[in-house]
Protein chains: 2
Amino acid sequence: MDKNPLVLLELVERLANLMRSELRRSSGDESLQPVHVQALVYLSRANRYSNTPQALSSYLGLTKGTVSQTLLLLDRRGLIERYQDDVDRRVVRLRLSTSGEQLLYEAQPALAWQNATRNISPNRIRNATSALREALATLLEDNEGALFGECTTCAHCQKLSQRISRCGLMGDRLSGPETRRLCWLFEPRGDEE
Amino acid sequence: MDKNPLVLLELVERLANLMRSELRRSSGDESLQPVHVQALVYLSRANRYSNTPQALSSYLGLTKGTVSQTLLLLDRRGLIERYQDDVDRRVVRLRLSTSGEQLLYEAQPALAWQNATRNISPNRIRNATSALREALATLLEDNEGALFGECTTCAHCQKLSQRISRCGLMGDRLSGPETRRLCWLFEPRGDEE
DNA sequence: TTTTATAGTATTGAGTCGATACAAAAAGTC
DNA sequence: GACTTTTTGTATCGACTCAATACTATAAAA
């Protein structure tokens, strides 16, 4: 049995543990839990199909009940807004409030990571990213979880013009910025861009 | 600002979150928390200098109080044994009990990961490992945390013969198997083996 | 000897998290 | 259209995490 993958797992777990301690520190006065900050970060990046409790549950790997609690707390503190979907009225849509955005901006939850990776060449970062992405994809395949990704590398995305794209799965037109947000319907393209 | 490091962070966090769900599932009947399994895995790998509550706290990035609670629980369930150090009687030494080892053997907490990485070439694994290790080292430098590592790549380790080594920092002789355990006194060597 | 530092434990309180049960809306079935 | 079933989310509960604080015991320093 090859032990190298285990070493990699160990690193992933340790880094995640340490970054969670960082998150705890960075949220400072607000005394948010790490998972709260992770939820805020996710919401700051989610596109229109993915700004729901369900997608967030899938992203965080937590049950919907747990996530519901998290969202209740974030709502009470005025960091997010919840509103009903017009079409499917079971669905709740989520977005960061102004103070939620402000908090993320001030807390800079990834600052320590930025520093920690400053001396690693872009090329090595890319290689590591690609390896981990593959691990994640396989892990989710076995688990029927969503991969999440940007439209820019999604199989469903059709480029209509320089600024406008279209999601082939949902049929909506998407602006440039929207194509750089996270989507849980993401399907990796065969060809690398 | 380069966004690639952030993508890597996202992957690390997601993988860790998912593996934590896996841990929850794998511990099965024992209904252990992910942290408990992580502690057991650590203890199964720690060397003689690192089998203490303090080293475990440092490894997990938790406070000593928190870790103390974890150890209490593991002790109550008979998964670990605690005993006093002969020389410094403040120090508590930890080791897995037989049922602790059994549990790890049966739960196979890394099985999902092994599967997820089965199609990634050893070379890419190594590259990713090296990049993440560097990130971890830098992160810990800023934080004065311990890096942890095996004697086989430690600057303090002196090879006396084919089977016997010696820790230059502590002065003890170490057997072959012992040099492949985790140590929190680890100092990376300048030269890569 | 006295002081200070270190290793660990005990307790408390806010919060996580899954499990279960529930409500409401949508979708499928006859 | 009336019915079941599925999907989306919430409410409640209990075991547990985790940090903070205060504490004990031992060791090291002054």
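Residues numbered from 1 in each chain as written. Chains lettered and ligands numbered in written order. Predicted model: local features only at pLDDT ≥ 70, side-chain atom pairs only at ≥ 80, totals over all residues. Heavy atoms only, no water.

Undergrad: What is the right way to look at the protein's contact with DNA strand C in this model?
TA: Around DNA strand C sit 22 residues, and of these H36 and T66 of chain A together with Q54, R82 and R90 of chain B come closest. Put simply, 75% of the atoms of DNA strand C that lie within 4 Å of the protein are in sugar or phosphate. Taking V87 of chain A, its main chain carries an N or O atom lying 3.2 Å from a phosphate oxygen of DNA strand C. Contact between DNA strand C and R89 of chain A: a phosphate oxygen at 3.1 Å from a main-chain N or O atom of the residue. Looking at the surface near DNA strand C, its residues break down into 6 nonpolar, 8 polar and 8 charged. (Near = heavy atom within 4 Å. Polar contact = N/O pair within 3.5 Å; in protein donor to acceptor, adjacent residues only side chain to side chain. Nonpolar A, V, L, I, M, F, W, Y, C, P; charged D, E, K, R; others polar.)

Undergrad: Would you explain unusual backbone geometry in this entry?
TA: Most peptide bonds take the trans form, and the phi angle of most residues other than glycine is negative. We note that Q108 of chain A has phi near 50 degrees; this positive angle belongs to a residue other than glycine. Among the structural elements, Q108 of chain A can be located in the loop between α5 (98-107) and α6 (111-116). (Helix = DSSP H or I, 4+ residues; strand = E, 2+ residues; numbered from the N terminus.)

Undergrad: What exactly am I supposed to notice about the protein's contact with DNA strand D here?
TA: In the neighbourhood of DNA strand D, 22 residues make up the surrounding shell, with Q54, R82 and R90 of chain A together with H36 and R90 of chain B lying closest. Backbone atoms, meaning sugar and phosphate, form 73% of the atoms of DNA strand D found within 4 Å of the protein. In this structure, a base oxygen belonging to DNA strand D sits 2.8 Å away from a side-chain N or O atom of R90 of chain A. Residue V92 of chain A places a main-chain N or O atom 3.2 Å away from a phosphate oxygen belonging to DNA strand D. Broken down by secondary-structure element, the contributors of at least two residues to the surface near DNA strand D are α3 (53-60) and α4 (64-76) of chain A together with α2 (34-45) of chain B. Examining the composition of the surface near DNA strand D, we find that 3 residues originate from one element, α4 of chain A, more than from any other. For the surface near DNA strand D, the class distribution of residues is 6 nonpolar, 8 polar and 8 charged.

Undergrad: Is there a simple way to explain the interface of chain A and chain B in this structure?
TA: For interface size, the figure often reported is the accessible area lost on association. With 60 residues of chain A at the contact, the number on the chain B side is 60 residues. Of the roughly 5,900 Å² buried between chain A and chain B, counting both surfaces, carbon and sulfur atoms make up 60%. Looking only at chain A, the three residues that lose the most surface to chain B are R14, W113 and L139 of chain A, adding up to 12% of its buried area. On inspection of chain A and its partner chain B, the count reaches 4 salt bridges. (Contact = heavy atoms within 4.5 Å. Buried area = accessible area lost by both parts, 1.4 Å probe. Salt bridge = Lys/Arg side-chain N within 4 Å of Asp/Glu carboxyl O.)

Undergrad: Sorry, what's going on with the nonpolar core here?
TA: A general tendency of soluble globular proteins is for nonpolar side chains to be buried together. By size, the foremost hydrophobic cluster in this structure holds 60 residues, and its most contacted members are V12, W113 and L132 of chain A together with V12, W113 and L132 of chain B. The contact partners of L132 of chain B, leaving out residues within four places of it in the chain, are L8, L11, V12, L15, W113 and L132 of chain A together with L8 and V12 of chain B. (Core = buried A, V, L, I, M, F, W, Y, C linked by side-chain atoms within 4.5 Å. Buried < 20%, exposed > 50% of the residue type's maximum accessible area, 1.4 Å probe, protein only.)

Undergrad: Just checking my understanding: could you explain the sheet that holds strand β6 (residues 173-175) of chain B for this structure?
TA: Within a sheet, each strand pairs with its neighbour through backbone hydrogen bonds, oriented either parallel or antiparallel. Residues and elements named next belong to chain B. In spatial order, the strands read β4-β5-β6; together these 3 strands make up an open sheet with antiparallel pairing. In this open sheet, the two edge strands, each paired with only one partner strand, are β4 (157-159) and β6. Between one strand axis and the next, the sheet turns by 35 degrees as a mean value, whatever way the strands run. Alignment of strand β5 (residues 164-167) against β6, held across 3 bridges, turns out to be antiparallel. Opposite I164, over in β6, you have S175 as the bridge partner. (Pairing = 2+ DSSP bridges. Axes fitted to C-alpha atoms, helices over the stretch in contact; angles between N-to-C directions.)

Undergrad: Can you walk me through the packing of aromatic side chains in this structure?
TA: By convention here, two paired aromatic rings are described through the distance between centres and the angle between planes. Residue and element names in this part refer to chain B. A full pass over the atoms with the stated rule returns 6 aromatic pairs over all chains. With centroids separated by 5.7 Å and ring planes inclined at 85 degrees, the aromatic side chains of Y42 and F148 adopt a geometry described as edge-to-face. Of this pair, Y42 sits in helix α2 while F148 sits in the loop between α7 (122-143) and β3 (149-150), placing them 106 residues apart in sequence. A single burial state applies to Y42 and to F148, both of which are buried. With 5.0 Å between their ring centres and 85 degrees between their planes, Y59 and F148 make a pair best called edge-to-face. Of this pair, Y59 sits in helix α3 (residues 53-60) while F148 is found in the loop between α7 and β3, placing the two residues 89 residues apart along the sequence. Residue classification places Y59 among the buried residues on the basis of a relative accessible area of 9%. (Phe/Tyr/Trp six-rings, centres within 6.5 Å; stacked < 30°, edge-to-face > 60°.)

By themselves these figures say nothing about function.
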